[in-house]
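# Structural characterization, general
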Amino acid sequence: MTASNWGYFAGGMVHIICSSHNDIAWFDTPAATIAWRDIKSITPALERMAANPAVHFSMENVLYLLEYLERHPDRKAEIHRLALEQRFDWGATYNQPYESLLTGEQLVRQVYFGRRLVKQLLPGVNPRVYYSPDVPGRARQMPQILAKAGIPYLLISRHKPSLQRWFSPDGSSVLSWSMGHYGTTLFRRELEGDFPTVRTTIQRILQAWSAEYERRCIPPHFAFIYSMDYIPPKDFDGLLADWEQMRQSDPVAPTLRYSTPEQFFDAVAAGSADFERLEGERPNTWVYIHGPTHHHAISAKREAGVLLPAAEMFHTIDALLSGSFAHYPAALLTQAWADSIYDDHGWGGNNGYITDEVFRRKLVAARDTGRTLLDGALRSLAARVRVESEATPVTVFNDLGWARTDVVTCRLPIGTGGVKVTRADGTAVPRQRLPAGNGLSADMVFVAEDVPAIGYATYYLVPDSGPTDTQPPVGVTVSENSYENAFYRATLAPGGIRSLLDKQLGQEILETYDRQVQHEEFLKERFLGAEVFVMESVGNDAHEFGYIQQPSTVAEFERASQHRPAWHITESGPVYTAYTFSQQLAHCLVVEKLVFFHSIKRIDCKVSLYNWDATRSREVRLALPLNLPPDAAITYEVPFGVVEVGRDEIERAGDDEPVYPGGPVYNVDCRTLHPREVQNFISASGPAFGVTLSSSVAACDYIDPTTLRPVRYPILQPLLLASRKSCHSKGNWYVQGGDHHYHFSILSHPPGWTNGSRYGVQANHPLRAVARQGMASSGELPPQHSFLSVSPESVMLSALKKAEDDDAIIVRCYEVEGHDTDAAIRLAFPITAAARTNIIEEDGQPVRLENGTLRVRLGHHAVETFKLTPGG
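The numbers attached to residues start from 1 for each chain and follow its sequence in the written order. Local features in a predicted model are, by the rule used here, given only for residues with pLDDT of at least 70; side-chain atom pairs are given and counted only at 80 or more, and totals for whole chains, interfaces and linings are based on all residues. No hydrogens and no water enter the side-chain calculation; it runs on all heavy atoms of the structure.

What follows covers the overall build of the protein. We count a stretch as a helix when DSSP gives it H or I for four or more residues in a row; a strand needs E for two or more, and each element gets its number in order from the N terminus. Across its full length, the protein carries 14 helices and 48 strands. When we talk radius of gyration, it's over C-alpha atoms, and the globule rule is simply 2.2 Å times the number of residues to the 0.38. For 872 residues, the compact-globule estimate of 2.2 N^0.38 gives 29 Å, and the protein sits close to it at 29 Å. In terms of overall dimensions, the protein has a C-alpha envelope of 105 × 75 × 45 Å along the principal axes. Each residue is assigned to one of three classes by its accessible area relative to the maximum for its type, calculated with a 1.4 Å probe on protein chains only: buried under 20%, partly exposed between the two thresholds, exposed over 50%. Out of the 872 residues belonging to the protein, those deemed buried represent 63%. Contact criterion: two residues are considered in contact whenever any of their non-hydrogen atoms come within 4.5 Å of each other. Pairs at least 24 residues apart make up 74% of the contacts formed inside the protein by residues separated by at least 6 positions. Looking at the protein, you have 82 positive and 101 negative side-chain charges, and the mean spots of the two groups are 1 Å apart. Note that His is not counted, nor are the chain ends; the positive residues are Lys and Arg, and the negative ones are Asp and Glu. By convention, the point assigned to a charge is CZ for Arg, NZ for Lys, CD for Glu and CG for Asp.

The next subject is empty space enclosed by the protein. Whether a set of points on the 1 Å grid over the protein atoms alone is a cavity depends on a 1.4 Å probe fitting there but being unable to get out, while an open set qualifies as a pocket with protein on both sides within 12 Å along at least five of seven lines; lining residues are those with an atom within 4 Å of a point. Grid points are joined across faces, edges and corners, and a volume is the space filled by probe spheres set on the points. Enumeration according to the criterion identifies eight cavities of 30 Å³ or more in this entry. When contributions to the lining of the largest cavity are tallied by element, the ones reaching two or more residues are strand E31 (641-644) and helix H14 (757-762). For the lining of the largest cavity, the element with the highest residue contribution is H14, accounting for three residues. Side-chain classes are defined by residue name, with Ala, Val, Leu, Ile, Met, Phe, Trp, Tyr, Cys and Pro counting as nonpolar, Asp, Glu, Lys and Arg as charged, and the others, Gly among them, as polar. Its residues assigned to classes, the lining of the largest cavity shows seven nonpolar, two polar and two charged. Estimated volume of the second largest cavity: approximately 60 Å³.

Note on definitions: salt bridges are taken to be side-chain nitrogens of Lys or Arg within 4 Å of carboxyl oxygens of Asp or Glu. Evaluation of the coordinates by the stated rule reveals 67 salt bridges. The partner of Asp464 in a salt bridge is Arg431, and the shortest N-O contact between them spans 3.3 Å. Here Asp464 is found in the loop between strand E17 (455-463) and strand E18 (477-479), whereas its partner Arg431 is found in strand E15 (residues 431-433), with 33 residues between them in sequence. As a salt-bridge pair, Arg559 and Glu531 come within 3.0 Å of each other at their nearest N and O atoms. Residue Arg559 is located in strand E24 (residues 552-559), and its partner Glu531 is located in strand E23 (residues 531-536); the two are separated by 28 residues in the primary sequence. Of the residues examined, Glu531 reaches a relative accessible area of 0% and is grouped as buried. Through salt bridges that share partners, Glu105, Arg109, Glu312 and Arg812 make up one connected network.

Right, let's get into the sheet that holds strand E35 (residues 699-701). At least two DSSP bridges between two strands are needed for those strands to be called paired. With antiparallel pairing, six strands are arranged side by side in an open sheet as E24-E23-E29-E36-E35-E32. Of all strands in the sheet, those bounded by a partner on one side alone are E24 and strand E32 (676-677). Bridge count for E35 against strand E36 (residues 715-722) is two bridges, and the pairing is antiparallel. Bridged to Asp701 within E36 is Gln717.

Let's shift gears to the sheet that holds strand E40 (residues 788-791). Strand order in the open sheet made by the four strands is E40-E43-E47-E46, with antiparallel pairing throughout. Pairing within the sheet leaves two strands with one partner each, and these edge strands are E40 and strand E46 (849-850). Relative to strand E43 (residues 821-827), E40 is paired through four bridges, and the arrangement is antiparallel. For Val790, the partnering residue across the bridge sits in E43 and is Ile825.

Further remarks concern helix H7 (residues 195-216). An α-helix turns once every 3.6 residues. As a result, residues three or four positions apart point the same way. A helix is expected to span 1.5 Å multiplied by its residue count minus one. Taking 1.5 Å as the rise per residue, H7 with 22 residues should run 32 Å; its terminal C-alpha atoms sit 31 Å apart, in good agreement. Its maximal kink placed at Trp209, H7 deviates by approximately 40 degrees. Within the sequence span of H7, burial applies to Phe195, Val198, Thr201, Ile202, Gln203, Ile205, Leu206, Ser210, Tyr213 and Arg216. Contacts from the buried residues of H7 go to strand E1 (13-20), strand E6 (162-167), strand E8 (221-226), helix H8 (237-249), helix H9 (261-269) and strand E10 (276-279). Just beyond H7, the residue with positive phi is Cys217, at close to 60 degrees. Fitting one axis to the seven residues ending at a residue and another to the seven starting there, the bend at that residue is the angle between the two axes.

Ring geometry is summarised as follows: Phe, Tyr and Trp rings, the Trp one being its six-membered ring, pair when their centres sit within 6.5 Å, and such pairs are stacked at plane angles under 30 degrees, edge-to-face over 60 and tilted between the two. Here the structure, examined in full by the defined rule, presents 37 aromatic pairs. Seen from their ring centres, Tyr153 and Phe265 are 4.6 Å apart, and the 5 degrees between their planes marks the pair as stacked. Note that Tyr153 is positioned in strand E5 (residues 153-156) and Phe265 in helix H9, a separation of 112 residues in sequence. For Tyr153, a relative accessible area of 6% gives the class buried. Of the residues examined, Phe265 reaches a relative accessible area of 0% and is grouped as buried. Connected via pairs of aromatic rings, a cluster forms that spans Tyr8, Phe9, Trp209, Tyr213, Phe222 and Phe224. Each ring is checked for a lysine NZ or an arginine CZ that lies within 6 Å of its centre and within 35 degrees of its normal; such an atom marks a charge sitting over the ring. Here the guanidinium or amino end of Arg282 rests over the ring plane of Tyr666, the centre of that ring lying 5.2 Å away.

Further remarks concern the environment of Thr409. Here Thr409 lies in strand E12 (residues 404-411). C-alpha of Thr409 to C-alpha of Arg616: the two residues are 207 residues apart in sequence and 38 Å apart in space. Excluding anything up to four places from it in sequence, Thr409 contacts Leu434, Asp443, Met444, Val445 and Ala769.

Here the focus is the pairing of strand E30 (residues 633-638). Extensive coverage of E30 is indicated by the burial of five of its six residues. Sheet analysis places E30 next to strand E33 (residues 681-685), joined by four bridges and oriented antiparallel. Considered in E33, the bridge of Ile634 is made with Ala684. In terms of strand pairing, E30 meets E31 through four bridges, oriented antiparallel. Within E31, the position partnered with Glu637 by the bridge is Val642. Two successive antiparallel strands, E30 and E31, enclose a turn made up of two residues, where Phe640 displays a positive phi of approximately 60 degrees.

We now examine the packing of helix H4 (residues 104-121) against helix H11 (residues 330-340). Running from N to C, H4 and H11 point in directions that differ by 110 degrees, and their axes come no closer than 10 Å. When the axes of H4 and H11 are compared, the pair comes out roughly perpendicular. The residues of H11 that touch H4, namely those facing Glu105, Gln106, Arg109 and Phe113, are Thr334, Trp337, Ala338 and Ser340. Residues of the contact of H4 with H11, tallied by class, amount to three nonpolar, three polar and two charged. What counts as an axis is a line fitted to C-alpha atoms, over the stretch in contact for a helix, and the angles between N-to-C directions run from 0 to 180 degrees. To sort the angles, those under 35 degrees are grouped as roughly parallel, those over 145 as roughly antiparallel, those from 65 to 115 as roughly perpendicular, and the leftovers as oblique.

As C-alpha cells, then:
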C-alpha cells in the first residue's frame, strides 16, 4: 500500500466515536429505560474505560447524567475524572427537544440545565457539543442560542452526510456535523468484519471524501460514529491494534483512534476551512408527534412557557422592592423550568401510554407551579399599591414589554352585589359580567386602557345599586346573524362566518366561496370563516420519512356547516357580544363561540370538542379562509423570531440518497413542508391587508387540505387534534378521548406581519387582575406604574429574573424585525452597573448606563443577555 492510496487523508486521523442514542423513554417506560440505560449502556461504558485507557464514550444529554448519579452517587468522582480526561463526553443540553415547540426562554433553559449545570456539578468539565441526532427539525435561532452559551458544535443526523456552518440570522453560527443517520456505521457494518475488508472500506470512504475535504481546506480528520438506540460502547480494540500494526509498514496511513465528537470537531475546526453554509429553519417533519396528538400535555407546556417567565419577572420586582431576595422562590422556579422542558422527542413508544402520562404530569406541574407563583407575586405587588378609596381596588398587571389596551377578566369577591368599574379618577368604564360558573362568584370583564409595560394600572369596584346596563353601546349593531361595530361588519352563516368586512381598511377579509366556480358541487367544499372540520388522518407521529404525512378528505370529511347549526346570541352587553352554536358531529359535540368586542379591534374564537370518541386516524382543524392572493406572505412566530414561509427555511436537508440503506431520503424542499410548529401566532399578508391569528395550539397549516379542487388562497388552520399512532411497533395510539378546549383570536390589519405581531402575542398573555377588599393604604407604589420598558418596538423582552449566582438581575431581549437598532432598557430601580453576558450569564462585559437607562446597540435578530447590579 502506498501513500497515494490515502489521498488527502495521508497522515491524517480517523476518529471512532462510540455513542449511544437515547430518548428519555420510547424503548420502554421512563423508569424501565433509566434502569436499562444504567445497566446496558453507562455502567458498561465505565467498565470498558476502566479496562482500557484508550476507550472513549459519549452520552448525549445531561438528564442522563443526573439520572445515573441519582442511582450511583458513589461513581460521581469516577465520571468527573473521565470527563476531565475528555474520555467521557456529555452533551451540552438537558435533553433533545423539538426545538420550535419550545418557547425561546424554554430553549435557553435547555443550556442552563445543560452546559451550565455540568460546569457546576463537575468543575472543570466544559460540554461543548449539542447532540440532536434524532429530530428532523431545527429552530432558526438555535445556532445563536448555542453559540451564545459557549457551545460551538452541533451533532445532527437525518441530514445528508456533511460538515457545515449553520447560521442564525444574526450571523452567529455553530459547526454542524451529520453522519447521515446516527446508526449509519452500524447499519452498514463499516467497521466490522475481517481487517482487510474494514481497511478497504475505510480507504474507499476516505477517497470518496478527499475531493470535498481538499476543496474546502478541511483538516484531514474523518469520523465514524458507532451509535444506535440504548447500546453499550462497541469494542474496536482488535481493529485499532491491527490498524496500528499496518501503520508500521504504511506510516502515512491515517491514525485510527477512539475519540469523542468534541475532539473530532476541535480537529476539523482547527484550520480555516471553507465549510458549507446553512441558514434558516428546518421545519420539523415530526410535527404530529406533539401538539396535535398530545393536546392536553402540550397545552400545559405552552401555558408554562408564559407563566414561568411572568412569575420570575414579578417575583424579581417584588424582591427589588423588598430590598432582598430572601423570599425569592428560586428552588420552585428551577424545578418548574426543568419540568416544563422534561418531555423530549420520545413521546409514545413501547408502553407509551405510561411515558405520555409521565410527560403530561411534568408539564402540568410546571404550569400549575407557574400559575401559583405568579398569583403569589401579583398579590404581593398589589398589596404595595397605594389605595385612597374605600372601594375595592383592582390592580391590572401586564407582563409584556409594551403598554397595552386589552380585555381583562376580574374574579369578583364572593358575595359581591351590583358594582361598577371606575378608573382612579372615578370615571366609569364599561363592564360586563360573565355567567356565574360555580354559583358563589362571577367574573367581570372590562377593557383596561394603556396598562404600562411590565407594570400595572388600578381600577376600582364601586357598589352600584342602579340598574345594570346590559345593552351594547351606541354604534354597535347586533342581530341573530350579523354584528357591526366601528371595526368590523360580520355576517354569520350556519357553522361559521360568511363575511367579515374590515371597515377601517375597506376590505373583505374572508374568502368563503370560489368566485371562479359557479357549480354547487364545488361550492360545497369552500370553508366558512372559523369553521370546524374533521378529516381522515392516517399516519404515524414520527418515522423514517423525509416528509409530513398529510390528512385526506377522501374517506372522511365532515364540516360543521353541512349540518347547518344555528348561531345564538348567548351573551351581550356593554363590552362584547358572543354568538354560540352547538353541533353533534360523528365523533364529538362541537361548541363554538365567537366573541366580538365593541371598543377594541378583536375577535375571539373559542372551540370545545366534547366527548371526543377516540376514533383512530382522524384529525380536527379550524379553517380561516382568507381573501388574499396565492402568493400571500405566510409568517409565523418561532422561538426568538419569525419565519416567513418560502424565505427563511433551509432549502433541503438531504439529497437523493437515503441516509442509510433502505432508509429515508430527506430531499423534500423544506420550503414546502407543512403544517408548521407555531409559537403564539401565524399571519398572512397581501397587498391590501394582513391577518394575524393568535393560537392556543402548537401546529398550524395554511394550505387547503381538501381533495376536490383545492383552492390556492391561504387558509389558516390550527390543528386541534389528531388521533394517530406511535411509530414504535409496540407503540400506543394517541386517541385523546374526552373533552378539549381551544382559544384563538383574529385581527385584520394593514399589510405586513409586524402590524399584527404584538396582538398575536398578547392574546396568549392575558392581562391579570387582582381584586382585594377596599381599604385605605399607604403603600409605596402609585396607582399606575411601569417597572421596566424596552424600546424600540422591534425589541422584545424575554426574561427579567434573578441572576443564578448572586442578587443581580438578568434582562434578556431580542430584536425581531431584522434591523440593527439602538435599544433602551429602562428600569424603575436604581442600577449601579451593567454588563452584557453570554446567554447562561457568564463572561460579562461592561455596557453603558445613562441615568439608570441601559443603552445598547442591538444587532438584527440578536438575542442578548444583560446582568444588572441593583443599588440604593
